[in-house]
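Commentary on secondary and tertiary structure
Spelled out from the first residue to the last, the chains are:
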Amino acid sequence: MSSTSPAPTRTRPATIRRFTGVQRLLHLILTITFLGMLWTGLCLWSPALAEVMNRPLAKQWHFYSAIALGVAFVLILVLRPRDVRAFASAVDQLDRADRAWLRGGPRRLFSHVGAPEQGWLNAGQKLNTAITIGLLIVLTGTGLLLWIGERNTAFRFAGTVDVHDLATILIVLLVSGHLYLAIFNPSTRASLSGMTNGSVDREWARANHRRWVEECEAQEPDDRS
Ligand code: HEM
C-alpha cells in the first residue's frame, strides 16, 4: 500500500473582485444625477416643494443633471468601449439558467436557496439594467421634447408630460426595489461592498453567482500551497 500525501488545497482570498473602478464611477454618477433629477423634478411637480427650490432654479438643475449623466455615458462609451461592450454582452442575453431563475424568482425573493447557477449578473439584474436603460431613454426623449417645446410650439405634443411622469413613477419603483435589495434584504445586501470597494465576499458570490466565480477562479494564477 503506497502512502500518499493529502491533495493540496487552493488558498484564495476571502473576497473576489466584482466591479471595476470605471463601473463603480458610472454607477456613482448615475446615482448622483438620478437623485438630482428626482429632487428637482419633485420641486417642479409639487407647489409645496417649489417654495424650497423655485421653478426656474429647479428646471435649470434638472436639465444640468440630465446633461451630466448623458455626458458621462458618452465619455465612457468613447474612452472605454471595451468595458461597455463587456457589460452589454453580459446583459443582452437570457440563457436557459436565467429563464429557470426567473420562473422561481418571486418565490426566492428573500432567499437564494435552490436558485439555478447564475453568471456575473443574475436574470433579475439583467432585466433591471435593461428596463432602467429603457426608462432613462424615454425620460431623456420626452424631457428633450418638453425643453424644445418651450422654445418652439411645433414640438409641443399632448401627452409628453404624462409619458415623462409615468416613466418617472416606474423608475422610482424600480430603484426603490433595487435599494431594498442592496441595503436591507439579508440575502443580497452583501453585494453592497461590490459597489463601494469593488469586492464582495467570495462565498456569498459563490452562492449567488456560482458560474461567474468558477470562471474567475479558472483564470486565477495557480497558487496551490
Ligand atoms: C445609494 C443608491 C444605490 C445603491 C446603494 C446601489 C447599489 C448597487 C449595488 C450594490 C449594485 C451591485 C449588485 C451586484 O453585486 O451585482 C448595483 C448595481 C446596479 N445599480 Fe445600483 N445602487 C444605487 C443607486 C442606483 C440607481 C439610482 C440606479 C438607476 C437609476 C441604479 C442602477 C443599477 C444597475 C442598473 C445595476 C446593475 C444591475 C443590478 O445589480 O441590478 N443604482 N447597485
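This text follows the structure it describes.
Residues numbered from 1 in each chain as written. Predicted model: local features only at pLDDT ≥ 70, side-chain atom pairs only at ≥ 80, totals over all residues. Heavy atoms only, no water.

**Description of the nonpolar core**
The biggest cluster of nonpolar side chains holds ten residues, and these are Ile16, Phe19, Val91, Trp120, Leu121, Val200, Trp204, Ala205, Trp212 and Val213. Where this core is concerned, the elements lending two or more residues are helix 9 (202-208) and helix 10 (210-219). With sequence-adjacent residues up to four places away left out, Ala205 is seen in contact with Ile16, Val200, Arg210, Trp212 and Val213. The next biggest cluster of nonpolar side chains, apart from the first, holds eight residues, and it includes Met37, Leu69, Leu135 and Ile171. (Core = buried A, V, L, I, M, F, W, Y, C linked by side-chain atoms within 4.5 Å. Buried < 20%, exposed > 50% of the residue type's maximum accessible area, 1.4 Å probe, protein only. Helix = DSSP H or I, 4+ residues; strand = E, 2+ residues; numbered from the N terminus. Contact = heavy atoms within 4.5 Å.)

**Here we look at the coordination of the iron atom of the ligand**
For the iron atom of the ligand, the full set of protein donor atoms is His27 (NE2) and His178 (NE2), and the range of their distances to it is 2.0 Å. Coordination at the iron atom of the ligand is octahedral, judged from the six donor atoms that bind it and the angles of 84 to 179° they form at the metal. Placement of the pair is His27 in helix 1 (residues 21-45) and His178 in helix 7 (residues 160-184), with a sequence separation of 151 residues. According to the relative accessible area criterion, His27 is partly exposed, its value standing at 27%. (Donors = N, O, S within 2.8 Å, 3.2 Å for Na, K, Ca; no water. Tetrahedral: all angles 85-135°; square planar, octahedral: opposite > 155°, others 65-115°.)

**Describing the packing of aromatic side chains**
Under the counting rule described, the total for this entry stands at four aromatic pairs. Between the aromatic rings of Phe63 and Trp147, the centroid separation amounts to 4.9 Å while the plane-to-plane angle is 10°, which identifies the pairing as stacked. With Phe63 in helix 3 (residues 55-79) and Trp147 in helix 6 (residues 123-149), the pair connects residues that are 84 residues apart, well separated along the chain. For Trp147, a relative accessible area of 34% corresponds to the partly exposed category. Taken together, the aromatic side chains of Phe19, Phe87 and Trp120 make up a single cluster linked through ring pairs. (Phe/Tyr/Trp six-rings, centres within 6.5 Å; stacked < 30°, edge-to-face > 60°.)

**What about the side chain of His164?**
With respect to the helices and strands, His164 occurs in helix 7. By relative accessible area, which is 14% here, His164 ends up buried. Reaching out from His164, the side chain makes a polar contact with the side chain of Thr142 at a distance of 2.8 Å. Once you skip the residues sitting within four places of it in the chain, His164 turns out to touch His62, Leu139, Thr142, Gly143 and Leu146. (Polar contact = N/O pair within 3.5 Å; in protein donor to acceptor, adjacent residues only side chain to side chain.)

So, to be careful, I would describe these as geometric facts and stop short of saying anything about function.
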